[in-house]
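Chain residues, written in single-letter form:
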Amino acid sequence: MFKNTIGFEHKQQPKIGVLITNLGTPDKPDGRSLRKYLKQFLSDPRVVEVPRVLWWFVLNGIILNIRPKRSAKAYQTVWNDRGSPLMFHTHDQAEKLAKRFKDSGQENIIVDFAMRYGEPSITKRIDEMLAKGVRKLLVVPLYPQYCAATTASTFDAIAKDFVERRWIPDFRFVSHYHDFPDYIHAVANKIKVHWQQHGQADKLIFSYHGVPKKYLDKGDPYHCECYKTSRLIAEALNLSNDQYITTFQSRFGREEWLKPYTDETLKSLPANGIQSVQVVCPGFSSDCLETIEEIGEENRDYFMQAGGQSYQYIEALNSDEEHINMIYRLALNHLLGWDLSQYDINKTDQEFTKVPQNNTI
Ligand SMILES: C=CC1=C(C)c2cc3[nH]c(cc4nc(cc5[nH]c(cc1n2)c(C)c5CCC(=O)O)C(CCC(=O)O)=C4C)c(C)c3C=C
Ligand SMILES: [Fe+2]
Ligand SMILES: [Fe+2]
């Protein structure tokens, strides 16, 4: 009835698993793959909060007949020989994070990545980690700002997995890091480096993925966390309030989403005397369709066609060294008490809580 742990052996060294996750992406940039991906993604009640029966008809009757073809075209423009940017950046992040732990002498920590939709699935990675002896699992969704549509949805996938499993590991979950100082400084430094190379524009635009406004009205902290992130980055850069704007992109459907909208803002700026902008997307830990195509191309056209002179997109943190160090330190904060060898806690505590050398069963 319950799923058993495969590959368990006695005297196996217990391990700690650090699983970074992101949204997921289609297998290929074609209509078929997009249909499969969008069906899974848009069927998630955390993403689309519309009565299920009504939504089933809208999704299957309209959206899945139109959107896959259109989205496939957009994905083709960002796909390269390494595949989807979201996939290869997340892959690189996991690889470099694993090295970061190894270089710090943490041999017992296994790092990997999973995707909420599509492959590699959360369940596949949990299976693999448990088989390798992971008995304590930390999941780090790479969404800096908490949102039910993303963060809670990731939690749902883990909870669903655990419900079906016999042997559940110790478990910790990072629900957000929108104000974690290392994250703020990593984004601020990325902007500073861009300024050193290109100079400063009239305005800095912080563009975050939007969600329906009703999610904010129902108590989702996402909107507040986005504004706080912008404020903290602006403070780190010594920007005054009139030097930056927070906006929301990637609208879907007809209902009202969080405002101000990125596209409408960019269209209106030239008429208000703003000739040059730099756009940064702090909510995206990896570049993906929504940053490369929507911000890098589509919104550039809106701004330039409205009379703008200069438009620059500042890339996501991707697998930059500073990003990996930030995720490493974020994970360390959440691992506290699990793996003691790495902490500068005082000697008495270390002796008291020291894990026995042969900690096997
Ligand atoms: C329908 C509602 C959607 C909500 C709510 C939503 C929230 C949300 N999404 C991200 C991050 C990403 N979304 C991406 C793509 C994407 N998002 C939606 C819809 C909603 N997102 C769709 C339909 C798509 C697919 C592309 C398209 O057809 O337009 C991506 C990129 C994935 C990639 O493969 O590159 C990311 C990342 C966040 C952070 C968020 C709420 C806070
Ligand atoms: Fe999205
Ligand atoms: Fe989009």
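Here, residues in each chain are numbered from 1, in the same order as that chain's written sequence. Chains and ligands are labelled sequentially in the order written, the chains with letters from A and the ligands with numbers from 1. Side-chain atom pairs in this predicted model are given and counted only at pLDDT of 80 or more, local residue features only at pLDDT of at least 70, and totals for whole chains, interfaces and linings cover all residues.

Trainee: So what's going on with the nonpolar core? Residues and values would help.
Mentor: Note that soluble globular proteins tend to have their nonpolar side chains buried in a common cluster. Within the largest apolar cluster, 85 residues are counted, with the highest numbers of intra-cluster contacts made by Val 18, Ile 20, Val 140, Val 187 and Val 277. Here Val 277 is in contact with Ala 201, Asp 202, Lys 203, Ile 205, Leu 266, Leu 269, Phe 303, Gly 308 and Tyr 311, once residues within four sequence places are set aside. Structurally, a nonpolar core is described as a collection of buried Ala, Val, Leu, Ile, Met, Phe, Trp, Tyr and Cys residues joined by way of C-beta atoms within 7 Å. Counting other C-beta atoms within 10 Å of each residue's C-beta, where C-beta atoms are placed from the backbone, gives the exposure class: buried for 20 or more, exposed for 12 or fewer, partly exposed between. Two residues qualify as being in contact provided that their C-beta atoms, derived from the backbone, are within 7 Å of each other.

Trainee: So what's going on with unusual backbone geometry? Residues and values would help.
Mentor: The omega angle of the peptide bond from Glu 119 to Pro 120 is -10°, so this bond is cis rather than trans. With respect to the secondary-structure elements, Pro 120 resides in the loop between strand E2 (109-115) and helix H4 (122-131). A cis amide bond links Lys 259 with the next residue in sequence, Pro 260, at an omega value of 0°. For Pro 260, the position within the fold is in the loop between strand E6 (244-249) and helix H9 (262-268). The residue Asn 238 is not glycine, and still its phi comes out positive at about 55°. In this fold, Asn 238 is placed in the loop between helix H8 (222-236) and E6. With a phi angle near 60°, Ser 250 is a residue other than glycine that sits in the positive phi range. Within the secondary structure, Ser 250 is located in the loop between E6 and H9. Going along the chain from the N terminus, every DSSP run of H or I of four or more residues is numbered as a helix, and every run of E of two or more is numbered as a strand.

Trainee: Pulling in residues and values, what's your account of the confidence of the model for the protein chain?
Mentor: Residues with a pLDDT of 70 or more make up 94% of the protein chain, whose mean pLDDT is 94. As a per-residue measure, pLDDT reflects the predictor's confidence and takes values from 0 up to 100. Confidence drops under a pLDDT of 50 for residues 342-353, and excluding neighbours within four residues, the segment shows 7 contacts in the predicted structure. Note on the complex model: pTM 0.95, ipTM 0.97.

Trainee: So what's going on with the sheet that holds strand E5 (residues 203-209)? Residues and values would help.
Mentor: Being paired, for any two strands, means DSSP has found at least two bridges between them. Spatially, E6-E5-E7-E8 is the arrangement adopted by the 4 strands of the open sheet, whose pairing is parallel. The strands lining the two open edges of the sheet, one partner per strand, are E6 and strand E8 (310-314). Adjacent strand axes in the sheet meet at a mean angle of 25°, parallel and antiparallel pairs treated alike. Bridge count for E5 against E6 is 6 bridges, and the pairing is parallel. Its bridge partner lying in E6, Leu 204 is registered against Tyr 244. Axis lines are fitted to C-alpha atoms, over the contacting stretch for helices. Their N-to-C directions set the angle, which ranges from 0 to 180 degrees. Strands in contact with helix H6 (residues 181-198) are strand E7 (276-280) and E8; relative to E8, the strand with the most contacts, it is inclined by about 140°. With respect to the sheet, H8 is in contact with E5 and E6, its orientation differing from that of E6 by roughly 150°.

Trainee: I'd like to hear about the packing of H4 against helix H5 (residues 148-163), residue by residue, with values.
Mentor: Here H4 crosses H5 at 55°, and the two axes come no closer than 10 Å. Classed by the angle they form, the pair H4 and H5 counts as oblique. In this structure, H4 meets H5 at a crossing whose hand is right-handed. For the pair H4 and H5, the contacting residues are Ile 122, Thr 123 and Ile 126 in the first and Ala 157, Ile 158 and Asp 161 in the second. Gly is placed with the polar residues, together with every amino acid not listed as nonpolar (Ala, Val, Leu, Ile, Met, Phe, Trp, Tyr, Cys and Pro) or charged (Asp, Glu, Lys and Arg). Classifying every residue of the contact of H4 with H5 gives 4 nonpolar, 1 polar and 1 charged. Oblique is the label for any angle not under 35 degrees, not over 145, and not in the 65 to 115 range, which are roughly parallel, roughly antiparallel and roughly perpendicular in turn. Crossing chirality is assigned from the near helix's rotation relative to the far helix, an anticlockwise turn below a right angle marking it left-handed and a clockwise turn marking it right-handed.

Trainee: Break down the domain arrangement of the protein chain for me, with residues and values.
Mentor: Interfaces are often sized by the amount of accessible area the parts lose when they come together. Where each domain starts and ends comes from a domain assignment, either automatic or drawn from a database. Here the domain parsing of the protein chain yields domain 1 (15-25 + 84-176 + 321-353) and domain 2 (181-314). Computed from C-alpha coordinates alone, the two centres of domain 1 and domain 2 are separated by 28 Å. Here the element with the most residues in the side of domain 1 that touches domain 2 is helix H11 (residues 321-335); it accounts for 5 residues. Residue composition of the side of domain 1 that touches domain 2, grouped by class: 10 nonpolar, 6 polar and 2 charged.

Trainee: Report on the pairing of E7, specifying residues and quantitative values.
Mentor: Counted residue by residue, E7 has 4 buried out of 5 residues, so it is predominantly covered. Pairing of E5 with E7, which is carried by 4 bridges, proceeds in the parallel orientation. Following the sheet pairing, Lys 203 is matched in E7 by Val 277. Strand direction decides the pairing type here: E7 and E8, joined by 5 bridges, are parallel. Considered in E8, the bridge of Ser 276 is made with Ser 310. Looking down the strands as they point away from the viewer, one classifies a crossover as right-handed if the path from the first strand across the helix to the second runs clockwise. For the crossover that starts at E7, traverses helix H10 (residues 289-305) and ends in the parallel E8, the hand is right-handed.

Trainee: Go over the site of ligand 1, please, and point to the residues and values.
Mentor: The criterion for a residue being near a molecule or strand is a backbone-placed C-beta atom within 6 Å of that molecule or strand. Near ligand 1, the surroundings consist of 24 residues, among which Thr 25, Ser 71, His 209, Cys 288 and Leu 289 are the closest. Listed by contribution, the elements that provide at least two residues to the shell around ligand 1 are helix H1 (31-42), helix H2 (52-78), H5 and H10. A breakdown of the residues in the shell around ligand 1 according to their chemical character gives 15 nonpolar, 7 polar and 2 charged. The residues that make up the shell around ligand 1 include at least three from each of domain 1 (15-25 + 84-176 + 321-353) and domain 2 (181-314).

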